Amino acid sequence: MNELEAKAARQASVVYTTVSLAITLLFLVITLFDGNTYTAVARIGGMIWVFILSMIVSMPIVIPVVKKKIMG
Amino acid sequence: MSETTRSGNLVQASLPVQGMTCAACVAKVEKTLKSIAGVQEVHVNLLSGKAAVAYASDQTGVPQMVKAIQDVGYEVPEEEILLTVRGMTCAACVAKVEKAVKGLPGVTSVVVNLPAEFAKVKFYPGAVDKTRIKKEINALGYEASEKVTGQEALDREKEARQKELRYQTRNMWIAWPLASLVMIGMFRDYWILPYIVPKFLGNVYLLWALTTPIAFIPGWQFFKHSWNGLKRGATDMNLLYATGIGAAYIIATINTFWPDAGFGGRGATFFESAALLTAFIVLGRFLEALTRGRTSESIRKLMSLQAKTARVIRKGQEMEIAADEVEIGDIVVVRPGESIPVDGEVTEGYSVVDEAMITGESMPVEKRLGSQVTGATLNKNGSFKFRAIRVGSETALAQIIKMVEDAQASKAPIQKLADFVAGHFIAGVHVLALIVFVFWFFIGYASFFSPASRFVLSPYSLAQVGVFGFSLLLSVTTLIISCPCALGLATPSAIMAGTGKGAENGILFKGADSVEASSKLNAVVFDKTGTLTKGEPSVTDIYVTAGFARSDVLKLAAIAEKSSEHPLGEAIVRGAKEEGLSIEDTDDFEAIPGKGVRAGYQGQTILLGNRRLMQHQNINIGNLDEKMEQLEGEGKTAMLMAIDGKAAGIIAVADTLKENAKVAVERLHQMGVQVAMITGDNRRTAEAIARQVGIKTVLAEVLPQDKAAEVKKLQEKGLKVAMVGDGINDAPALAQAHVGIAIGSGTDVAKETGDIILIKDDIRDVVGAIEIGRATMRKIKQNLVWAFVYNLTGIPLAAGILYPFTGLLVSPELASFFMAMSSLSVTMNTLLLKSYQPSFRREQGKSGRHPSPRPQPAR
């Protein structure tokens, strides 16, 4: 991996991790305010699963966009 | 990589530029490139023909620079590389490889074929190189290597297939016995199992110990491949499996060791989900490895026909050498029962040769001095020697293999939809899995969950599952059932089988688009001379007056014409020879320009020619004129004959129809295809031929250069037109038609134009090509419908659409079983094409026509 690719990978990882954390945070907020009661395990487990899926969805979208922008 | 980083986003590329002849050209190219925003530095070298460019990659790219160079009149030549890519399993893998390679600067096109396991990449050398392309594919977790051909390719493919099969067999041996034990252990409390299954098998720690190796030995491939793809921004179905197996295994582990963690406890360990899920996916992989490549068996069969050794005469000695060492000009000796190693021309001996493997023709062909022989065909019972004229990649067999491989490397237009869907599917399915999870977590569980919930086809209760475990189960099942494997295999596997079936019958499709286009044809235009007709005149009618015998008239006519070089005279001589008549020399001979000939033979005076000749010689032709008009009305050239001043008869000569032209046209009509004939001949002759063959639409007196315009006129009427011609003088019309069919090209395949090449000189193969095209497209449509139906029904079921009404859920292992069955069913459906035969071939089979009885005359 050359320097440009490494740079693209670094920038992309910041973007997709931020997006995934934002979605996870949204999930957490909903669990706190939707009126139902959830156990801590359900809440944390749910957050982990939502984070994993959000990463999987956002990585293939973000990486090529950032790579194209940086590497042409 | 050819690019080198300078600083920041500045990269350097060295582009080849063709067409530069002087310093002015250099200056022009430099100026053009410098005018592009983002280009920092340009050095053009006239001698090496290269432009070294340093550019800011965030402002411009190789395509823009190439376009600018082309706009000022120079060329940037592309290079093409064929790669074998091993390890791809579904349409998403195809999309993943295509996306990654297309993302490389300088790559202009990528076509990846899943069943054939190869990629065709076009790129600008200097902007990117072969190593970089291979490295990019390897980094995704696949194995890319430059494609080899011939026996080596066959050996490598076999080796790779066996390696994959061995790997998946090992996985099966690990996954299935352990998964079966896990399943028995999980269900030991049900039915009669408590009486026969020992209690320790139900122990959760033992079940965990049995499940762990399944998830991490056979299942490891999915984690590895998905991570390799994901870190490069590409996803494939391995990711679906990895998330499915991973989630099921983690939940099972938590519930085993920390039952109070709130994931459903010991009652919701789901070991069988993780174990059977992996086992079924591995079963799918195993079946794929077993069946992949079966669709291209015809090509493999052709490759395996190649003789390994040849017996040649060098320095007067007969010696055995490897077939690929035969050189042009070598004299090759062929004995009974041997395969002919290369293409050549017979110099000595006589035999009959079975050419079915190349031409599809079941009748063996006679070979004698001067006959052409083709490599890979089988000598039957005689011995002969021949001079090698085409060797290595020039042989007919090598050309045919290349053409079929090229066709299989292309994509049919119908595949675009499947590719689009599959390419966006994985991300879409994960979004769906997220939606399913969120819905059941926040709404569904509270609204619909019942402790009596069960999996379909399972006694297992979900009573103890909490909101997270329940939502996760549905989310995972949705991921598993959504794999687009069947969608990815649907089109390319059928195209491979169809083009292979064509090759078996001497019908070569040049691309997948030709297969699709041939299935849609509703009009066929035949060139007349050489296509519908034999292209050389022959005697069709002999009419004699009272007092003359037919054989005498033909014999004397042949004697008179023996010295003539006129094509009509040659036809008469040939006709007499075919009837076994002896043709002696004339005593004297005179050609009378514009009228005919006069000859003397054993005291007799023979006159053969037109009406004017008879008038000039004061011969009374009586009622022969009427007969002559009738023959001329049939498009024939009729010649009057007089012997010793008396009218003896008429000999008519015409270009005759090929053997199967009439039945082929009849069959096309039955198939609902309009048939037309196009020719430069006069209308009367053309219509006469058309009547004989059963064609109503005749386009006569059309100059060769106007044939394309006539085809265009038919297309403007909304017809999907095929043009059938001999491939050389019909080239513009062949190119204009939706499908150009070059007929009778024998073994000189590479020279031919057209989308479909018929190796034999048999019109019925036009019908065969359309039938194979239609059969292939039927198969593709069936496969696509099945694949779409599977996904469209499977996903909602897995997402729990029926749960509120039935209380039943699809388990992850059942989802993986359905997934494996969907790809298997598509592959099996495609394999049915292997038994398909074009109608004429079926009829030949029924009439019991076999290769042995009656050889065809030498070609």
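Rules and cut-offs
- Residues numbered from 1 in each chain as written.
- Chains lettered and ligands numbered in written order.
- Predicted model: local features only at pLDDT ≥ 70, side-chain atom pairs only at ≥ 80, totals over all residues.
- Heavy atoms only, no water.
- Helix = DSSP H or I, 4+ residues; strand = E, 2+ residues; numbered from the N terminus.
- Buried < 20%, exposed > 50% of the residue type's maximum accessible area, 1.4 Å probe, protein only.
- Areas by Shrake-Rupley, 256 points an atom, 1.4 Å probe, with all protein chains shown as cover.
- Pairing = 2+ DSSP bridges.
- Axes fitted to C-alpha atoms, helices over the stretch in contact; angles between N-to-C directions.
- Contact = heavy atoms within 4.5 Å.
- Buried area = accessible area lost by both parts, 1.4 Å probe.
- Polar contact = N/O pair within 3.5 Å; in protein donor to acceptor, adjacent residues only side chain to side chain.
- Nonpolar A, V, L, I, M, F, W, Y, C, P; charged D, E, K, R; others polar.

A.B. asks: Please set out the overall build of chain A residue by residue, giving values where relevant.
C.D. replies: When its secondary structure is counted, chain A shows 2 helices and 0 strands. When burial is assessed residue by residue, chain A has 42% of its 72 residues classed as buried. As presented, chain A carries roughly 3800 Å² of accessible surface, and 74% of it is formed by carbon and sulfur atoms.

A.B. asks: With reference to specific residues and values, describe the sheet that holds strand 23 (residues 604-609) of chain B.
C.D. replies: Two orientations exist for strands paired in a sheet by backbone hydrogen bonds: parallel and antiparallel. Residue and element names in this part refer to chain B. Taken together, 6 strands build an open sheet; the order of strands is 20-25-24-23-22-21 and the sheet is antiparallel. At either end of the open sheet lies a strand with only one pairing partner, and these are strand 20 (533-544) and strand 21 (588-592). Ignoring strand direction, the axes of neighbouring strands in this sheet form an average angle of 20°. In this sheet, strand 22 (residues 596-601) lies alongside strand 21 in antiparallel orientation, the contact comprising 5 bridges. Across the sheet, the residue bridging to Glu590 is Arg598, located in strand 22.

A.B. asks: Residues and numbers for the sheet that holds strand 18 (residues 507-509) of chain B, please.
C.D. replies: Residues and elements named next belong to chain B. A sheet is described by the order of its strands in space; here 7 strands give the open sequence 18-30-29-28-19-26-27, paired in mixed fashion. Lying at the two open borders of the sheet, with one neighbouring strand each, are strand 18 and strand 27 (697-699). Along the sheet, successive strands turn relative to each other by an average axial angle of 20°, direction set aside. As paired elements, strand 29 (residues 739-743) and strand 30 (residues 756-758) share 3 bridges and run parallel to each other. Paired with Ile741 across the two strands is Ile756, which belongs to strand 30.

A.B. asks: Run through the environment of Asp588 of chain B, naming residues and quoting values.
C.D. replies: All names here are of chain B. Relative to the assigned elements, Asp588 resides in strand 21. Separated by 11 residues in sequence, Asp588 and Ala599 have C-alpha atoms that sit 5.5 Å apart. Apart from residues no more than four positions distant in its own chain, Asp588 is found in contact with Arg598, Ala599 and Gly600.

A.B. asks: Describe the environment of Ile481 of chain B, listing the residues and the values that go with them.
C.D. replies: Residues and elements named next belong to chain B. In this structure, Ile481 sits in helix 15 (residues 467-481). Residues Ile481 and Ala820, spaced 339 residues apart in sequence, show a C-alpha to C-alpha distance of 9.4 Å. Leaving out residues up to four positions away in the same chain, Ile481 has contacts with Tyr790, Asn791, Gly794, Ile795, Ala798, Ala815 and Phe818.

A.B. asks: Tell me about the environment of Ala23 of chain B, and please be specific about residues and values.
C.D. replies: Residues and elements named next belong to chain B. Relative to the helices and strands, Ala23 is located in helix 1 (residues 23-34). We classify Ala23 as exposed; its relative accessible area is 60%. Placed 22 residues apart in sequence, Ala23 and Asn45 show a C-alpha to C-alpha distance of 9.3 Å.

A.B. asks: Tell me about the interface of chain B and chain A, residues and numbers included.
C.D. replies: Listed by partner, the interface residues are 37 residues for chain B and 30 residues for chain A. Roughly 2800 Å² is buried in total at the junction of chain B and chain A, and carbon and sulfur atoms are behind 71% of that figure. Broken down residue by residue, the surface that chain B buries against chain A is led by Leu434, Phe441 and Phe442 of chain B, which jointly contribute 20%. Counting the contacts that link chain B with chain A gives 1 residue pair in polar contact (both at pLDDT 80 or more). Those elements that place two or more of their residues in the side of chain B that touches chain A are helix 4 (130-139), helix 8 (220-230), helix 9 (237-257), helix 14 (415-448) and helix 15 of chain B. Among the elements that line the side of chain B that touches chain A, the one with the most residues is helix 14 of chain B, at 8 residues. Looking at the side of chain B that touches chain A, its residues break down into 20 nonpolar, 11 polar and 6 charged.

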